[in-house]
Structure formats: C-alpha cells, structure tokens
Amino acid sequence: TMFEYDPEATLAAIDAPVVAIAAADDETASRARALQRASTARVAAGRGPIRVVSFGRDGHNPMRYRPEAVTAAILEAAEASAKQGGAPVAIHAEA
C-alpha cells in the first residue's frame, strides 16, 4: 500500500543512476532533506548518489515551465546509465 512505501529503501535498491527533478521546496527544506536521506541510503548501499535538479520557484510542474532543462536532466541520466553498462534509468519525480 502507499503507506508501506519507503523511498529511501526503494531508491537505494535501484541499480541505475537516479535523477530527482525537484520543484520549489517549502520553508523547512523538507524535500531537500528527504532527497539527501535517500541519496545517503543509496551511497551506503553501494550505489551512486541522487543527482538533484532543482527548478527553484517553478512550482509543481517543471516539465511545463522548463521542458528543455527537464529533458536534459533525463538524457544525462540515460547517458550515465549507458556508461555503466546499459542499466535502465530510474527517474523519481518529486513535486
């Protein structure tokens, strides 16, 4: 169920580069802290860190406001994956 989802464990288990496309954070930087915890879990599991692409104050739809930048982030992850031997790309959208 959705209440059993553990993003840190899930993202740590992915054997591919992960890029988090993040919209504006709240005043407490809770999204940034959550992404850092997940990235730390990935590194502890022997994976690469999460690459965070932040779009500042562009709201909850970065693809709408920054399609070129979002596409570039996805393509960078795909290229990094290919360099690792072609592992599939995992994309975690954080709104």
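Please refer to the structure higher up on the page.
This structure is a prediction, so every number in the text was calculated from the model and none was measured.

> I'm lost on the overall build of the protein chain in this one. Help?
Counting secondary structure elements, the protein chain contains 4 helices and 3 strands. Secondary structure elements of the protein chain occur, N-terminal to C-terminal, as α-β-α-β-α-α-β. Each of the 95 residues in the protein chain was classed as buried or not, and the buried ones make up 29%. Sequence-distant contacts, at least 24 apart, represent 70% of the contacts inside the protein chain between residues at least 6 apart. Element-wise, carbon and sulfur atoms account for 57% of the exposed surface of the protein chain, whose accessible area totals about 6000 Å².

> Help me understand the side chain of Arg-42 in this model?
Mapping Arg-42 onto the fold places it in helix H2 (residues 30–44). Among buried Asp, Glu, Lys and Arg side chains, Arg-42 stands out as unpaired, with Asp-15 the closest opposite charge at 6.6 Å. Among the polar contacts made by the side chain of Arg-42, one reaches the main-chain carbonyl oxygen of Ala-16 at a distance of 2.9 Å. A distance of 2.7 Å separates a polar atom in the side chain of Arg-42 from the backbone oxygen of Gly-48. Those residues in contact with Arg-42 that lie beyond four places of it in its chain are Leu-11, Ala-12, Ile-14, Ala-16, Pro-17, Val-18, Arg-47, Gly-48, Pro-49 and Ile-50.

Procedures and definitions
- Residues numbered from 1 in each chain as written.
- Predicted model: local features only at pLDDT ≥ 70, side-chain atom pairs only at ≥ 80, totals over all residues.
- Heavy atoms only, no water.
- Helix = DSSP H or I, 4+ residues; strand = E, 2+ residues; numbered from the N terminus.
- Buried < 20%, exposed > 50% of the residue type's maximum accessible area, 1.4 Å probe, protein only.
- Contact = heavy atoms within 4.5 Å.
- Areas by Shrake-Rupley, 256 points an atom, 1.4 Å probe, with all protein chains shown as cover.
- Lys, Arg positive; Asp, Glu negative; His and termini not counted.
- Salt bridge = Lys/Arg side-chain N within 4 Å of Asp/Glu carboxyl O.
- Polar contact = N/O pair within 3.5 Å; in protein donor to acceptor, adjacent residues only side chain to side chain.

Structural measurements only, silent on function.
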